[in-house]
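Results of the structural survey
The residues making up each chain are set out below.
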Amino acid sequence: MRRCQTLFLVLSLCLFLGSIVSARGMSIESPVSSLSETQSSAIMPSDLRHVAVHDVGNLYAPIEDGKVARNENYFDPETGDMLYPPIYPSGSELQCIFTGGIWVGGIVNGDTLTSCLVDGWSREDEMFPDDLNAGGVIRTGDFADDEFVTVVTDTNSTYNATPLNLKVTQKSYSWADSLYDDFIIIDYTVSNIGDNDITDCWVGVFLDGDLYHLSNYQGYEDDCSGVLDVQLDESNPSSQTLIPYSFDTDGDPDETPQWSALSPRGAISMQLLGAGFTPEHINFNWWISNGTPTLDFGPRRAGTPEDPFYSFSRGQLGTPTLDKEKYYVLSHPEVDYDQLSTAVDQSGDGWLPPPIPSVAVDFATGYDTRFLLSFGPFDLALGDSMIFSLAIVAGDNVHVNASDFDDLFDAYNPFAFYNTLDFSELILHHQRAREVYLSGYTLPNPGPPVGLEISEFDDAFVDLVWDACDRPDIGGYNVYYRDTEGDNIWYQVNITPVADTTFSVSIAEPLHLHEFAVSAVTTDWRESAFSETVSIVPNAPHLVTGVELLVQGLYIALQWDIHPDDDILQYTIYRSIWGGEFEKFDSTAGDYLVDNTTESGVQYSYYITATNENGSESGPSEKVTGIPMALDRGILFIDASRMNITSILYDLNSYEDLYKKLSSRLPVTRHVILQPDAVTPVTFKQMSEYSHIVVFAEDRFADLTEPTSHLSLDAIGLYLSNGGRGLFISPSPDFSAVQFLVNNTREPRKITFEPGDIMYDVFKLDSAVENYGFIIDEVMDGDLQGCTPVDPDYPVLEADTMQLMSMPIPMNEFIPASGYMYPQPGVETIYAYNSSVADTSNQGQVNGIKYLGEDYQFVFFNFPLTAMLEDGNYYALLQALNDLGIDVYCGDANNDGSVNLGDAIYLIRYVFMGGPPPAVAYRADVNCDGVVNISDAVVIINYIFRDHALLRCCP
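In short, a report on the structure. (Residues numbered from 1 in each chain as written. Predicted model: local features only at pLDDT ≥ 70, side-chain atom pairs only at ≥ 80, totals over all residues. Heavy atoms only, no water.)

**Here's the deal with the state of the cysteines**
With the rule as written, the count across this model stands at 1 disulfide. What pairs with Cys890 in a disulfide is Cys953, and their sulfur atoms sit 1.9 Å apart. Handedness here is read from the sign of the S-S torsion; for Cys890 and Cys953, about 85°, the answer is right-handed. Here Cys890, found in the loop between helix H11 (872-883) and helix H12 (901-912), pairs with Cys953, found in the segment after helix H14 (934-946); they are 63 residues apart in sequence, far enough to count as distant. Grouping residues by exposure puts Cys890 and Cys953 together as buried. (Disulfide = S-S within 2.5 Å. Helix = DSSP H or I, 4+ residues; strand = E, 2+ residues; numbered from the N terminus. Buried < 20%, exposed > 50% of the residue type's maximum accessible area, 1.4 Å probe, protein only.)

Put into structure tokens, the structure is as follows:
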């Protein structure tokens, strides 16, 4: 029996919803090599990816489209392994960073603007690669073992209403060399690609350091930030630098107390290595973000007549949210005191007094903090660029004794504890990062070459080609090969380093599998690790090309180009099911094959080899993948709402009424996912049998995105992209837990979706607003009183508050907690939010969409359809299905709005007894043969009693 892996899908959508500090004598050295030159590598679309994974050193860090972070939906594009968050030391499962990225601010035509690669709080990120689907990252190999270039711009963000019009190119390096493996160096080039000059620019790098073991779910809540001001080179005063850092406040000892493998004793930090200009100021700010303004805190200097205090929009002291606030933090000369000193009154030194004592002590003992290192100013004329380099540096053993924090820490006198901290290892790693930077990245051993390929071969030779390294001290390359069926030993085939990037290797055993690799060699004979290897059997045929796959119903057809070699005896087809191992499936002498053993809803992958008269088999062709889909059983009506009084807000009877009405007209099968005592997921294979799915997810506590398949493809995405069509009904697009505001101002929160999110990739949403439930005087409030159709084919919908269930918290007369959406271009609007408050921000927002593209089709109602008045909700349901290609009136011979036995009887009377003809003739021709006769009555009877496929009428 062929192996098949089933994709389970829990289909549930839920509610989403001063002292002026200068550089203090620090001279920012210009880089030894031109950053613009090292970043000029051409990025080809076929090379692009979303993630750069720095994993050769002791600091493991995925960088996702420029952000130091891990998107949980991504896997390592080179190994296929699941990504971890940034880890230090590597392999320890001690997380050190949540996210981080560049901020840029400037003045354009008098407007103060900022663009942030990562916002760090509201997820209003503003820089993305130009190709949102492919990504903006490629691997290069000029200097380091892991080396990547990423290009992003601020011109394609939903949130950046007025961008600076920047392109940011960043090149990141890390080394396996054990002396230089505790840091990642990043070169940045910030370019003005707009139509206006940008003046008074400031740039910063934001870092949210979270230091805890991955098993400690809330370990991010006790981090502490601060800054070191140190001279890294004792003989050079210009090496004085600021080192902002974060560490876990007590290091998480066990109860003994002793250190364990779960204890994050180190710190994560940054250092500005150099820039293309000398900054006037270098600033350090840390803050704590919180939805409650009084708990959103960061050190702030008291105002003076020369430097008035700048108030933030919500009255908070910490998180800058508006462009002007972010620019203020970037540009205002300030080096914050350490978080450990939050409770110490430093108003005598020009700072605002501490928060109230209980809060100040809480902050000082550790919180979820983040910091920004910034510098400037500089100008960017049209077409100009600014370059700078920064190191992200980790160091261990900052905490020395496991009991120090408990024994010594006093929030009002933190220095006894602070003096026990040992930053010497961290500073040593900063010294080494600076040395590597000043060496022009030639101090560590070179990184391996990239791009190794076999350009040509025959029985006697193999020609190799690879990319040149730009590192200035490269003296050439060494070429290696091994005969894996012989002695399996690597041999260097060149006597002296190869100056070019091509080499021909002579072959003695053409029937054996040979592997090849190259290394880079410096002028002082330091050698890199091997490149990625390539392999070939030289006597084997060339690869099969032009492989194409065509899904034909439940079958898969393969075809390929006629082979250029004239001695090919046969082609062998290898098949894999759901990403499993490839196994030999079939062979043929021709150039096509039909696989008629496939099943609906199962993913099959194939590659093809060619075998010649000598019995030698070529390597595998390019792989192709397809999924046969039956799509012949009508509609799968999926109830993904929880069946209990505490979680669903709407009367289940209204849901039952809609189901009964629809099932009386169309072939519908119901599947209830979440039952009182069980969960019965819908499998993708089950979905594949139905032409349409209707998903009701009107509760508040589930997530459409899990569980996903091991291929990182959501079952819904697979279903839609392979010919299925769907209607989805949920009050909010994406929200992981219910949130309510009590007797406070409602603040709907906007969520940005990015490539990799199901809401972006499948439902084509740039962002959405989660509309909180709003409790006033112990009554649940809301303002959705209906939905106004933008598409004239849809009915007006009015809220039916009688459908609301009796809840522990009573409901008012409007529907609570329904959100709205910001769709991508090409998505059509169906409904607009009709608020009970005319001037609310909710009024007129999009809350119903349809996408009827050539790639797939869906309709999405972003409101509870069952809470709308009958029969408007039913006719909206019918119209959505009609848009998705179902003739909802097909088979309704007597025109009574239903398809049932009465329609068959009506046709029998018409055919045999001279009864009245069908009101609409083509809707009675359910077998599409052009004639209304007894066979149509038989089809309707079979449809009713045998749960047959959708009726098909041909206008």
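Having seen it, we continue.
**Focus: the sheet that holds strand E2 (residues 51-54)**
What the 3 strands build is an open sheet, ordered E2-E3-E4; its pairing is antiparallel. Since the sheet does not close on itself, it has two edges, and those belong to E2 and strand E4 (67-68), each with one partner. Of the pairings in the sheet, the one linking strand E3 (residues 61-64) to E4 comprises 2 bridges and is antiparallel in character. Counterpart to Glu64 in the pairing with E4 is Lys67. (Pairing = 2+ DSSP bridges.)

**Details of a negative patch on the surface**
There is a patch of like negative charges on the surface, built from Asp197, Asp200, Asp379 and Asp384. Mapped onto the secondary structure, Asp197 falls in the loop between strand E11 (183-192) and strand E12 (198-208). The exposure class of Asp197 is partly exposed, given its relative accessible area of 45%. (Patch = residues over 30% accessible without salt bridge, like charges linked within 9 Å, V, L, I, M, F, W, Y side chains within 5 Å. Areas by Shrake-Rupley, 256 points an atom, 1.4 Å probe, with all protein chains shown as cover. Salt bridge = Lys/Arg side-chain N within 4 Å of Asp/Glu carboxyl O. Lys, Arg positive; Asp, Glu negative; His and termini not counted. Charge placed at Lys NZ, Arg CZ, Asp CG, Glu CD.)

**Concerning the pairing of strand E20 (residues 453-457)**
When E20 meets strand E21 (residues 461-465), the two strands line up antiparallel, connected through 4 bridges. By the bridge assignment for E21, Glu453 is matched with Val465. Counted between consecutive antiparallel strands, the loop separating E20 from E21 contains 3 residues.

**Quick look at the packing of aromatic side chains**
For any pair of aromatic rings, the description consists of the separation of the ring centres together with the inter-plane angle of the planes. By the definition in use, this model includes 56 aromatic pairs. Relative to Phe684, the ring of Trp578 has its centre 6.0 Å away and its plane inclined at 75°; by these criteria the two rings are edge-to-face. One end of the pair, Trp578, is in the loop between strand E29 (568-577) and strand E30 (583-588); the other, Phe684, is in helix H8 (residues 684-687), and 106 residues separate them in sequence. What makes Phe684 buried here is its relative accessible area of 0%. An aromatic cluster is defined as three or more aromatic residues linked by ring pairs; in this entry it consists of Phe143, Tyr173, Trp175, Phe183, Tyr437 and Tyr441. Over the aromatic face of Trp351 sits the side chain of Arg301, whose NZ or CZ is 4.5 Å from the ring centroid. The ring of Tyr659 has Arg670 lying over it, and the distance from NZ or CZ to the ring centre is 4.3 Å. (Phe/Tyr/Trp six-rings, centres within 6.5 Å; stacked < 30°, edge-to-face > 60°. Lys NZ or Arg CZ within 6 Å of the ring centre and 35° of its normal.)

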